[in-house]
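Coordinate analysis (summary)
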Amino acid sequence: MQIDLNNIKVFIEEDYDKLSKKCAEVIKAQMNSKPDSNIGFATGGTPVGTYKELIRMNAEKEVDFSGITAFNLDEYYPILKSDSQSYDYFMKDNLFNHVNIKKDRLFIPNGEAKDVDLECEEYEKHVMSAGVDLQILGLGLNGHIGFNEPESVFTGKTHHVNLDESTINANARFFNSYEEVPKSALTMGIKTIMMAKKILIMISGENKAEIAEKIFFGDITPFVPASVLQLHPDVTAVLDKEAGSRIMKRI
Ligand code: PGA
């Protein structure tokens, strides 16, 4: 089912599998219409199924990554690239190692950088000069996009951020203990994200239903960072029916 809500094209899919297929179709359409696209990739649990589908599409020659440049949305800080919890590792493990993308076309904020402010400044310049054609986003339980936690300014560029307690708790599921979860990160800012030509946000699971409703029906406010997407001219949101349950009740 497709609806338009506050300027956003919203698709509510039957389940996570269909959500993943729909998101992969959106990315495929971008890649096929512009084979040298710059694509902003996101980590987290939600995009894993989409990336699996893209790997299948690449193996079956439905999509070609050879002209694609990838810019990752965020990375923990500090973290070694070789750490299996780093987003550098995640992206390679879940997508880049399995498709024909060129290794020198992968850009991820450097969690090993000595000078964190310089790293952010250079990453921002690089992203801005290239220009992102399609930015993929997940949604945090607190409404964050990238690691732009509530109260992030809408004018923010790539920066170093202390993570919210709720984000650390949500990420703890990937670690052995709370203590091991990184407490800070590097992230594209809201402005960096909003400069992308197109945005695809994917939202899955019942625990996201309340925040999803706020994004599409609530005020545009830094307290709910993803609400800013209402101001972007080309956003596609794909939800499964658990995440979309409260939206469906209102339409
Ligand atoms: P998730 O994370 O896909 O693991 O739920 C989304 C996010 O925090 O951006």
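In what follows, the structure referred to is the one given above.
Residues numbered from 1 in each chain as written. Predicted model: local features only at pLDDT ≥ 70, side-chain atom pairs only at ≥ 80, totals over all residues. Heavy atoms only, no water.

1. Considerations on the pairing of strand β2 (residues 8-13)
In terms of burial, β2 is a largely internal element, 5 of the 6 residues being buried. Bridging between strand β1 (residues 2-5) and β2 involves 4 bridges; their strand directions are antiparallel. In the sheet register, Asp4 faces β2, and the bridge partner there is Lys9. Joining the antiparallel neighbours β1 and β2 is a turn of 2 residues, in which Asn6 adopts a positive phi near 45 degrees. Relative to strand β11 (residues 235-240), β2 is paired through 6 bridges, and the arrangement is parallel. (Buried < 20%, exposed > 50% of the residue type's maximum accessible area, 1.4 Å probe, protein only. Helix = DSSP H or I, 4+ residues; strand = E, 2+ residues; numbered from the N terminus. Pairing = 2+ DSSP bridges.)

2. Some words on the pattern of salt bridges
Per the stated rule, a full pass over the model turns up 13 salt bridges. A salt bridge links Asp17 to Lys21; the shortest N-O distance between them is 3.2 Å. Taken together, the residues Asp17 and Lys21, both in helix α1 (residues 16-33) and 4 residues apart, mark about one turn of the helix. Through salt bridges with shared partners, a single network forms among Lys28, Glu53, Arg56, Glu60 and Glu62. (Salt bridge = Lys/Arg side-chain N within 4 Å of Asp/Glu carboxyl O.)

3. Topic: the packing of aromatic side chains
Going through the model one piece at a time under the given rule, you end up with 8 aromatic pairs. Taking 5.4 Å as the distance between ring centres and 90 degrees as the angle between the ring planes, the aromatic pair formed by Phe41 and Phe96 counts as edge-to-face. One end of the pair, Phe41, is in strand β3 (residues 38-41); the other, Phe96, is in the loop between α3 (87-94) and β6 (106-107), and 55 residues separate them in sequence. Of the two residues, Phe41 and Phe96, neither departs from the other in class, the shared state being buried. The lysine or arginine in question, Lys22, covers the ring of Phe11, its NZ or CZ lying 4.1 Å from the ring centre. (Phe/Tyr/Trp six-rings, centres within 6.5 Å; stacked < 30°, edge-to-face > 60°. Lys NZ or Arg CZ within 6 Å of the ring centre and 35° of its normal.)

4. Details of the packing of helix α2 (residues 48-59) against α3
Their axes nearest at 10 Å, the elements α2 and α3 cross at an angle of 40 degrees. Taken together, the axes of α2 and α3 lie oblique to each other. Facing Val48, Tyr51 and Ile55 of α2, the residues of α3 in contact are Phe90, Met91 and Asn94. Looking at the contact of α2 with α3, its residues break down into 5 nonpolar, 1 polar and no charged. (Axes fitted to C-alpha atoms, helices over the stretch in contact; angles between N-to-C directions. Parallel < 35°, antiparallel > 145°, perpendicular 65-115°, else oblique. Contact = heavy atoms within 4.5 Å. Nonpolar A, V, L, I, M, F, W, Y, C, P; charged D, E, K, R; others polar.)

5. Concerning the sheet that holds β1
Reading across from one edge, β1-β2-β11-β10-β7-β3-β4-β6 is the order of the 8 strands in this open sheet, with mixed pairing throughout. Taken across any chain shown, the strands that pair with only one partner, and hence form the sheet edges, are β1 and β6. Relative to strand β7 (residues 134-137), β3 runs parallel, the two being bridged by 2 bridges. Across the sheet, the residue bridging to Gly40 is Gln135, located in β7. Relative to the sheet, helix α7 (residues 209-217) contacts β1, β2, β10 (198-203) and β11, its axis offset from that of β11 by approximately 155 degrees.

6. Thoughts on the side chain of Lys28
As for its position among the elements, Lys28 is in helix α1. We classify Lys28 as buried; its relative accessible area is 18%. The residues touching Lys28, leaving out its near neighbours within four places in the chain, are Met57, Glu62 and Val63.

7. Side note on the pairing of β11
Of all 6 residues in β11, 6 are buried, a share of seventy percent or more. Residues Val235, Ala237 and Leu239 of β11 are buried on one face, and the alternating residues Thr236, Val238 and Asp240, pointing to the opposite face, are buried as well. Note that β10 and β11 share 5 bridges and pair parallel. Looking at the pairing, Ile203 lines up with Leu239 of β11. With α7 bridging β10 and its parallel neighbour β11, the resulting β-α-β unit is right-handed. (Right-handed = clockwise from strand over helix to strand, strands pointing away.)

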